[in-house]
Amino acid sequence: MFMDKKKVRNVATGYTFTFMLVHIVMLIVFWRNGVMPMVRVNIFSIIFYVAMLFVVWKNYLVLFSVCVFSEVVMHMTLAIIYTGWESGFELTLLGMVVLVFYAEYAGRRLKLKFVRMLPLAIMGALLFLGSYIYVTYNRPEYTLTPGTQFFFNILWGTIVFSIIIHVMQEFVIITINVEKKLTALMSHDKLTGLGNRYYISEYIDHLMRINDVTKYWIAVVDIDDFKKVNDTYGHNCGDYVLKSIANILKGRSEYECCRWGGEEFVLIGKDHEHGIDMVDLLNEVREEVMERTLHYNGNELNVTVTIGAGKYENGMSIDEWISSADKKLYDGKRSGKNRVVS
């Protein structure tokens with residue numbers, strides 16, 4: 001699942017309502033404990049998050065990220081200074097560092113104007129350390145009851161771990177999707193959708209590790225007079241022919257197929273696995289190509305292919321196996337094209 005603006009806006013709205021609710025709870029708790037400076041701070045914060053709903057609605061997502069981070073770290077730093085280190089306010093500084101890097105990623109991914117969040121994260125770290133040093137050497141003005149301290153530690157632990165789990169799960173999903181996309185780009189030909197050299201080489205290597213490869217054959221398929229198609233009808237027509245031939249080749253289940261390069265394709269299959277001899281199967285493929293009339297910009301095209309094929313022999317490397325089929329292909333080209341040589 002990739003990032004989009006609607007998703008980011010929904011996430012920001014969810015965080016805004018959550019933080020607003022938390023500040024309402026904090027206002028009540030601080031009021032009941034007589035911490036009046038933090039009561040006033042929380043009234044400001046509640047108004048602030050109402051304003052943030054407007055900011056999110058207007059899609060000012062970068063401004064939202066910076067403002068929310070600044071409000072949270074300043075709010076929690078003041079709470080530490082006024083009430084001490086025992087209530088877990090410092091945990092929120094850790095959670096916000098994770099959240100701002102997620103915000104930077106979202107900005108970059110959506111190609112929005114973004115702010116480098118590293119300076120903000122460093123500021124959060126300095127406030128975390130600075131507030132600890134301050135309360136170590138300065139007695140807090142207010143002391144919360146043990147029950148209140150317990151409540152706040154549970155609250156901040158729940159919120160911070162929820163943020164970290166959400167963000168890290170998002171990054172896991174993003175990473176997996178990106179890896180899948182990169183693997184597909186690396187192993188498949190963009191024009192035809194077939195596997196490429198890398199794909200078929202990995203496939204053959206896999207066969208050699210787990211199977212008796214002597215039962216397999218490999219074939220190199222080359223479109224006859226392909227240069228003439230490009231010269232006569234243009235390269236766009238050539239691409240159309242390549243895609244059409246690829247669709248014919250991948251329409252059968254008896255073999256694996258890839259685009260080897262240019263106008264060449266490679267097929268690899270298991271002899272007699274589908275009750276048909278290699279040469280007979282390849283001739284069926286050749287005839288299907290020959291009998292298919294292609295239509296491009298009002299022109300009718302009939303193309304043919306020449307196929308060189310060979311079975312695996314003990315001791316062959318992948319390159320030697322493919323080269324043996326390639327030599328048969330050129331024998332077919334020299335002897336008239338539109339044929340299978342094995």
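What you see is a predicted model, and the numbers here were worked out from it, not measured in a lab. (Residues numbered from 1 in each chain as written. Predicted model: local features only at pLDDT ≥ 70, side-chain atom pairs only at ≥ 80, totals over all residues. Heavy atoms only, no water.)

## So, the overall build of the protein chain
Each helix and strand in the protein chain was counted, giving eleven helices and seven strands. In terms of overall dimensions, the protein chain is more spread out than a globule: its C-alpha atoms have a radius of gyration of 33 Å, far above the 20 Å expected for 342 residues. Seen along its three principal axes, the alpha-carbon backbone of the protein chain occupies a region of about 100 × 50 × 30 Å. Scored against the burial criterion, the 342 residues of the protein chain give a buried share of 44%. For the protein chain, restricting intrachain contacts to residue pairs at least 6 apart in sequence, the fraction spanning at least 24 positions comes to 71%. Total accessible area on the protein chain is roughly 18100 Å²; 59% of this is exposed by carbon and sulfur atoms. Of the side-chain charges in the protein chain, 35 are positive and 35 negative, and the distance between the mean point of each set is 10 Å. (Helix = DSSP H or I, 4+ residues; strand = E, 2+ residues; numbered from the N terminus. Rg over C-alpha atoms; globule rule 2.2 N^0.38 Å. Buried < 20%, exposed > 50% of the residue type's maximum accessible area, 1.4 Å probe, protein only. Contact = heavy atoms within 4.5 Å. Areas by Shrake-Rupley, 256 points an atom, 1.4 Å probe, with all protein chains shown as cover. Lys, Arg positive; Asp, Glu negative; His and termini not counted. Charge placed at Lys NZ, Arg CZ, Asp CG, Glu CD.)

## Topic: the pattern of salt bridges
Enumeration over the complete set of coordinates arrives at 15 salt bridges. Glu288 serves as the salt-bridge partner of Arg292, at 3.3 Å between the closest nitrogen and oxygen. A residue is classified by how much of its surface remains accessible, and Glu288, at 26% relative accessible area, is partly exposed. Between Arg334 and Asp331 there is a salt bridge; the shortest N-O distance is 2.5 Å. Of this pair, Arg334 and Asp331 both sit in helix α11 (residues 318-334), three residues apart, which is roughly one turn of that helix. Under the relative-accessibility criterion, Arg334 is labelled exposed at 65%. With a relative accessible area of 34%, Asp331 lands in the partly exposed category. A network of salt bridges, in which partner residues are shared, links Glu104, Arg108 and Arg116. (Salt bridge = Lys/Arg side-chain N within 4 Å of Asp/Glu carboxyl O.)

## Thoughts on the packing of aromatic side chains
Two aromatic rings are characterised by how far apart their centres lie and by the angle between their planes. Inspection of every chain in the model, using the stated rule, returns 19 aromatic pairs. Note on Tyr82 and Tyr142: the rings are 6.2 Å apart at their centroids and 55° apart in plane angle, and the pair reads as tilted. Taken together, the residues Tyr82 in helix α3 (residues 61-83) and Tyr142 in the loop between α5 (118-137) and α6 (146-187) connect sequence positions 60 residues apart. Taking the relative accessible area as the measure of exposure, Tyr82 reaches 23% and is therefore partly exposed. Every member of this aromatic cluster is reached through a ring pair, and the members are Tyr15, Phe19, Phe44, Phe48 and Tyr49. (Phe/Tyr/Trp six-rings, centres within 6.5 Å; stacked < 30°, edge-to-face > 60°.)

## What to know about a nonpolar patch on the surface
Nonpolar side chains collect at one region of the surface, where Phe101, Leu118, Ile122 and Leu126 lie side by side and expose about 360 Å² of accessible area between them. Assignment of secondary structure puts Phe101 in helix α4 (residues 90-109). With relative accessibility at 33%, the residue Phe101 sits in the partly exposed group. (Patch = residues over 30% accessible without salt bridge, like charges linked within 9 Å, V, L, I, M, F, W, Y side chains within 5 Å.)

## Observations concerning helix α2 (residues 36-57)
For α2, with 22 residues, the first-to-last C-alpha span of 32 Å sits near the 32 Å given by 1.5 Å per residue. All buried positions along α2 are accounted for by Pro37, Met38, Val39, Val41, Asn42, Ser45, Ile46, Phe48, Tyr49, Met52, Val55 and Val56. At its buried positions, α2 is contacted by α1 (5-32) and α3. Downstream of α2 by a residue or two, Asn59 has a phi angle that is positive, lying close to 65°. (Expected span 1.5 Å × (residues − 1).)

## Looking at the sheet that holds strand β2 (residues 255-261)
Strand pairs in the sheet, formed through backbone hydrogen bonds, run parallel or antiparallel to each other. Strand order across the open sheet formed by five strands is β2-β3-β1-β6-β7, with mixed pairing between neighbours. Every other strand in the sheet has two partners, leaving β2 and β7 (340-341) as the edge strands with one partner each. Helix-sheet contacts for helix α7 (residues 197-210) involve β1 (216-223), β2 and β3 (264-270), and the interaxial angle to β2 is about 140°. Packing against the sheet, helix α9 (residues 235-249) makes contact with β1, β2 and β3, and its axis sits at approximately 5° to β3. (Pairing = 2+ DSSP bridges. Axes fitted to C-alpha atoms, helices over the stretch in contact; angles between N-to-C directions.)

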